[in-house]
Amino acid sequence: MRDRYELIDKLHKTHALSKEEWIRVLENQSEEVCRYLFEKARTVRDAIYGKDIYIRGLIEISSYCKNDCYYCGIRRSNQKAERYRLTPEEILQCADEGWRLGFRTFVLQGGEDGYYTDALLCDLLKEIKKRYPGCAVTLSLGERGEESFRRLFEAGADRYLLRHETANDAHYAKLHPDYQQLKTRKECLFALKRIGYQVGSGFMVGSPFQTTENLAEDLLFLKELDPQMVGIGPFIPHHDTPFGSYPSGSVSLTIFLLGLIRLMLPHVLLPATTALGTLDPQGREKGVLAGANVVMPNLSPVMVRKKYSLYDNKLCTGDEAAESLASLKERMKKIGYTVAESRGDYR
Ligand code: 5AD
């Protein structure tokens, strides 16, 4: 059992473990080990980012999606999903509100929706950059071609989020239809890095059929990709999907992984995600205390928030809402952290 502490020490020192070592750490999670890990993770994070927690204003621009991921509530086969898309003008109104509230990073996230052509997005990016000088824009719009990624980067996009979802081909095939391929996803991620984006990837914890070996593979893939951001959150079933009756992922395993990722990639921007907050009212705090340093409140128009339903009971009000920034600040202060009103770039 001493072994587990030694492995965490090794990870802390060398920022890497072998696949077998990852599996051993992941299979031996306990309260004492967590305490040991989280303290190290906080020390590492605090040494690089201090007590600052970065905020990102999340604008969910479209619930149309041409993909059919079995876990996702806005998959194209879900005929019960209510669809909406925001016009550039509506997106700018959200950003206006966000800027006023103190957000200096906007995340434009949506399903893969052909309405958002390169031309439309480039005009929008230029307008955002003109209106809010010094802000950062993150895109999270799924897979696109390298040339498209390049055009968007040149028009002002700074960062791109694209979770790999699982780094194992066989597991990927259990979560997606045939025409969605892990290979394509990985090619997109490496293209984004080549172009110069700050790149984010990640996966769901406890997705159907996920094994400990798969999680080890996810961590090895993240090590190889070396992204600036990593998003992980528990899988949560959506009742109108093929995985509607599968159990949710574990909150404790998610925060354990947050701590491990902090030690593996010390500089990474690591959010305590909405999914974590959805499963546990203290999820955000637990995430931050395990090494996370980002939260992403919802800036979407209140009218459409319920429609961006990736999983059941997804939070979009209370402290998840950008309007409640004061309360989020208070909660972070209670655990010793400060919400920073800055772009919150990778250091
Ligand atoms: N539970 C948790 N996370 C989900 N996502 C999609 N569906 C679910 C779900 N049912 C995550 C995916 C995607 C991100 C935008 O939301 O990992 O990359």
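Participant: Could you clarify how one ought to interpret the overall build of the protein in this entry?
Facilitator: Looking only at helices and strands, one finds 13 helices and nine strands in the protein. In terms of C-alpha radius of gyration, the protein reaches 19 Å, essentially the compact-globule figure of 20 Å for 347 residues. With respect to the three principal axes, the spread of C-alpha positions in the protein is 60 × 45 × 35 Å. Classification of the 347 residues of the protein by burial places 59% in the buried group. For the protein, restricting intrachain contacts to residue pairs at least 6 apart in sequence, the fraction spanning at least 24 positions comes to 76%. Of the accessible surface of the protein, which amounts to about 13,800 Å², a share of 52% is contributed by carbon and sulfur atoms. When the 49 positive and 47 negative side-chain charges of the protein are each reduced to one mean point, those points stand 2 Å apart.

Participant: Help me understand the site of the ligand, please; the structure alone is not making it clear to me.
Facilitator: Every residue close to the ligand is listed here: Tyr71, Cys72, Gln109, Arg163, Glu165, Met204, Pro234, Phe235, Ile236, Leu310 and Tyr311. Within the backbone of Tyr71, a nitrogen or oxygen atom sits 2.9 Å from a nitrogen atom of the ligand. Contact distances for the ligand include 2.9 Å between an oxygen atom and a side-chain N or O atom of Arg163. A per-class count over the shell around the ligand returns eight nonpolar, one polar and two charged.

Participant: When you look at the packing of aromatic side chains in this model, what are you seeing that I'm missing?
Facilitator: Note on aromatic pairs: each is described by the distance of the centres and the angle between the planes. All told, the structure shown has 13 aromatic pairs when counted by the stated rule. For the pair Phe149 and Tyr160, a centre-to-centre distance of 5.0 Å together with 70 degrees between the ring planes defines the contact as edge-to-face. One end of the pair, Phe149, is in helix α6 (residues 146–154); the other, Tyr160, is in strand β5 (residues 159–161), with eleven residues separating them in the sequence. Given a relative accessible area of 0%, Phe149 falls into the buried group. Members of the aromatic cluster, joined through ring pairs, are Tyr70, Phe209, Phe243 and Tyr246. Arg85 extends its terminal NZ or CZ atom over the ring of Tyr64, reaching a point 4.2 Å from the ring centre. Of note, Arg104 hangs over the ring of Trp99, and the distance from its end group to the ring centre comes to 3.5 Å.

Participant: Even after reading the chapter, I still don't get the sheet that holds strand β9 (residues 338–340), so can you show me in this structure?
Facilitator: Picture the strands of a sheet paired through backbone hydrogen bonds; they go either parallel or antiparallel. Across the sheet, three strands lie side by side as β8-β1-β9; this open sheet has parallel pairing. The two strands at the open ends of the sheet, each matched to only one other strand, are β8 (294–295) and β9. With three bridges connecting them, strand β1 (residues 52–55) and β9 associate as parallel partners. Paired with Tyr54 across the bridge in β9 is Ala340.

Conventions and cut-offs
- All chains use their own residue numbering, which begins from 1 and follows the written sequence.
- Totals for whole chains, interfaces and linings use all residues, but because this is a predicted model, local features are given only for residues with pLDDT of at least 70 and pairs of side-chain atoms are given and counted only at 80 or more.
- Hydrogens are left out, water is left out, and the side-chain values use all remaining heavy atoms of the structure.
- What counts as a helix is a DSSP run of H or I of at least four residues, what counts as a strand is a run of E of at least two, and both are numbered from the N terminus.
- For this measure, only C-alpha atoms enter the radius of gyration; the expected value for a globule follows 2.2 Å times N^0.38, where N is the number of residues.
- Only protein chains enter the calculation, and the probe is 1.4 Å; a residue is then buried if its accessible area is under 20% of its type maximum, exposed if over 50%, and partly exposed in between.
- For this analysis, residues touch if any pair of their heavy atoms sits within 4.5 Å.
- Surface accessibility in these figures is a Shrake-Rupley result with a 1.4 Å probe; residues are shielded only by whichever protein chains are displayed.
- In this tally, Asp and Glu contribute negative charge and Lys and Arg positive charge; neither His nor the terminal groups of the chain are included.
- Charge positions are represented by NZ for Lys, CZ for Arg, CG for Asp and CD for Glu.
- Distances are taken per atom, and a residue is near a molecule or strand as soon as one of its heavy atoms is within 4 Å of it.
- The term polar contact refers here to a pair of N or O atoms within 3.5 Å; inside protein, the definition further demands a hydrogen-donor-capable atom paired with an acceptor-capable atom, and it admits residues adjacent in sequence only when both atoms are side-chain atoms.
- Following the grouping adopted for this structure description, the nonpolar residues are Ala, Val, Leu, Ile, Met, Phe, Trp, Tyr, Cys and Pro, the charged ones are Asp, Glu, Lys and Arg, and the polar ones are all others, Gly among them.
- A pair of Phe, Tyr and Trp rings is counted when the ring centres sit within 6.5 Å of each other, with Trp represented by its six-membered ring. The angle between the planes then sorts it: under 30 degrees is stacked, over 60 is edge-to-face, the rest tilted.
- Consider the ring centre and the ring normal. A charge sits over the ring if Lys NZ or Arg CZ is within 6 Å of that centre and within 35 degrees of that normal.
- By this definition, two strands are paired if DSSP reports at least two bridges between them.

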